[in-house]
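# Survey of secondary and tertiary structure
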Amino acid sequence: MSVAAAVPFSVPQEVAIRIYAACKGVGTKEDALIDAMTTVDDATMPLVAYAYEHMYLEPLKKRLESETSGNFQDLLVAMALPLVEREARQLRNAIKGAGSDEGCIVDLICTKPASHIKVLMDTYNTMYKRNLADDLKSDLSGDFKKLVLALVDCARSEVFDPATVDADAGALYKAGEGKIGTDEKKFIEILTTRSFPTIAKIAEVYRNSHKHDLETAIEKETSGYFRDGMRAIVITATRGAAPWFATALNRATKGAGTNDARLIRVVANRRSVDLRQIKEAFASKYGESLEANVAGDVSGSYGKLLMALLSRC
């Protein structure tokens, strides 16, 4: 059943009216805006945006940008966009200008199947009239660049294939712990072409055959964002994406300063996917609730909106 069939039009229309009421006149009623924007899930929000534009002859994104600022605006605008357009926008922001946000690239590319990456690349091209692979090629370097370019080549199978599992587990050992130095090319080849279910089985065979599991081997043998990217792949394959995003959120909030871009990205993108599981993984790994961890790093209307999203999943 389509989203349009599943959700009565009166619901998006009602939310659109509430958003308009919160924004009209002098000043923005930010608490009312937060309540309206968190009423519906990620799948329904495009219908709200559609209703808003047809009722008030103005894109919802444009209205939110004119009424708000800073991190509050960034989170609201992220929520207002369809998921794949949001991800394309996040990737563009991650690679344009000086420097790049490699953590964004890990979160958005290394945790996704080839079918989603293909749609994301097409959307990026449509929105920006640019080729995502070319932009990544010019912006990244080293083994991380090789890993990401292999992923956007979309050669990953999406079916379980037991035929090469034993050989792949052995090849990964020989490429890492079983030799002096690391054969990064072999890691990239296997981890970017085998399906996630196949990688999960490879990891099981690896763990049963050697004194370290595959994730630990990657930790020992590699470094930097190349390591992060491969860890994200293996964690997604073996335990689902939630444990990776729990780690991402911890990194976003620990130490001096807060990585608000990553905090916004994970909460907005995953709120209707697996945010509840991310919260559970976070509490299990770090010994405190995600809400308690985040509360000390955010404030104002931005903080209220973020906490509302965390509490309603």
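Given the structure is predicted, the values throughout are model-derived calculations rather than measurements.

Compared with an ideal rise of 1.5 Å per residue, which puts twelve residues at 16 Å, helix α17 (residues 242-253) spans 17 Å between its outermost C-alpha atoms and is within 8% of the ideal. Of all twelve residues in α17, eleven are buried, a share of seventy percent or more. Buried residues of α17: Ala242, Pro243, Trp244, Phe245, Ala246, Thr247, Ala248, Leu249, Asn250, Ala252 and Thr253, and no others. At its buried positions, α17 is contacted by α8 (102-110), α16 (224-239), α18 (260-270), α19 (275-286) and α20 (290-295). Immediately beyond the C-terminal end of α17, within one or two residues, lies Gly255, with a positive phi of roughly 75°.

The phi dihedral of Leu57 falls on the positive side, at around 55°, and the residue is not glycine. With respect to the helices, strands and loops of the structure, Leu57 is situated in the loop between α4 (45-56) and α5 (60-67). The backbone phi angle of Cys154 is positive, close to 60°, even though this residue is not glycine. Along the chain, Cys154 turns up in the loop between α11 (142-152) and α12 (165-175). Judged by relative accessible area, Cys154 falls into the buried class, the value being 14%.

Let us look at the environment of Lys112. Locating Lys112 in the fold gives a position in the loop between α8 and α9 (114-128). For the pair Lys112 and Ala232, spaced 120 residues apart in sequence, the C-alpha to C-alpha distance is 9.7 Å. If we skip the residues at most four places from it in the chain, Lys112 touches Glu87, Ile117, Arg156, Phe196 and Arg270. A polar atom in the side chain of Lys112 sits 2.6 Å from the side chain of Glu87.

Next up on the list: the nonpolar core. The biggest cluster of nonpolar side chains holds 102 residues, and the ones touching the most others in it are Ile19, Leu33, Leu75, Leu91, Ile105, Ile109 and Leu136. Dropping the residues within four chain positions of it, Leu136 is found in contact with Ile95, Ile105, Ile109, Val148, Leu149 and Val152.

Time to look at the confidence of the model for the protein. Chain-level pLDDT for the protein is 94 on average; 97% of the residues reach the 70-or-more range. This model gives residues 1-5 a pLDDT under 50, and the stretch forms four contacts once residues within four places in sequence are excluded.

Side chains bearing opposite charge may pair, as long as their charged atoms lie close to each other. For the coordinates displayed, the defined rule picks out 26 salt bridges. Here Glu65 and Arg89 are joined by a salt bridge, their closest N and O atoms 3.8 Å apart. With a gap of 24 residues between them, Glu65 in helix α5 and Arg89 in helix α7 (residues 83-95) connect regions that are remote in the sequence. Look at Glu65 and you get partly exposed, because its relative accessible area is 30%. On the basis of relative accessible area, Arg89 is assigned to the partly exposed category, the value being 25%. Two residues, Asp107 and Arg265, come together in a salt bridge whose shortest N-O distance is 3.0 Å. On the criterion of sequence distance, the pair formed by Asp107 in helix α8 and Arg265 in helix α18 is long-range, its members being 158 residues apart. The two residues Asp107 and Arg265 agree in class, both being buried. Among the charged side chains, a salt-bridge network with shared partners connects Glu215, Glu219, Arg227, Arg231 and Arg239.

Moving on, we come to the layout of surface pockets. As a volume, the largest pocket reaches approximately 320 Å³. Asp74, Arg89, Gln90, Asn93 and Ala261 are, among the 15 residues lining the largest pocket, the residues nearest its centre. Within the residue set of the lining of the largest pocket, elements represented by two or more residues are α6 (70-80), α7 and α18. By residue number, the principal contributor to the lining of the largest pocket is α7, which donates five residues.

Reading guide: rules and limits
Residues numbered from 1 in each chain as written. Predicted model: local features only at pLDDT ≥ 70, side-chain atom pairs only at ≥ 80, totals over all residues. Heavy atoms only, no water. Helix = DSSP H or I, 4+ residues; strand = E, 2+ residues; numbered from the N terminus. Expected span 1.5 Å × (residues − 1). Buried < 20%, exposed > 50% of the residue type's maximum accessible area, 1.4 Å probe, protein only. Contact = heavy atoms within 4.5 Å. Polar contact = N/O pair within 3.5 Å; in protein donor to acceptor, adjacent residues only side chain to side chain. Core = buried A, V, L, I, M, F, W, Y, C linked by side-chain atoms within 4.5 Å. pLDDT = per-residue confidence, 0-100. Salt bridge = Lys/Arg side-chain N within 4 Å of Asp/Glu carboxyl O. 1 Å grid on protein atoms, 1.4 Å probe; cavity = no way out; pocket = protein on both sides within 12 Å on 5 of 7 lines; lining within 4 Å. Points joined across faces, edges and corners; volume = space filled by probe spheres on them.

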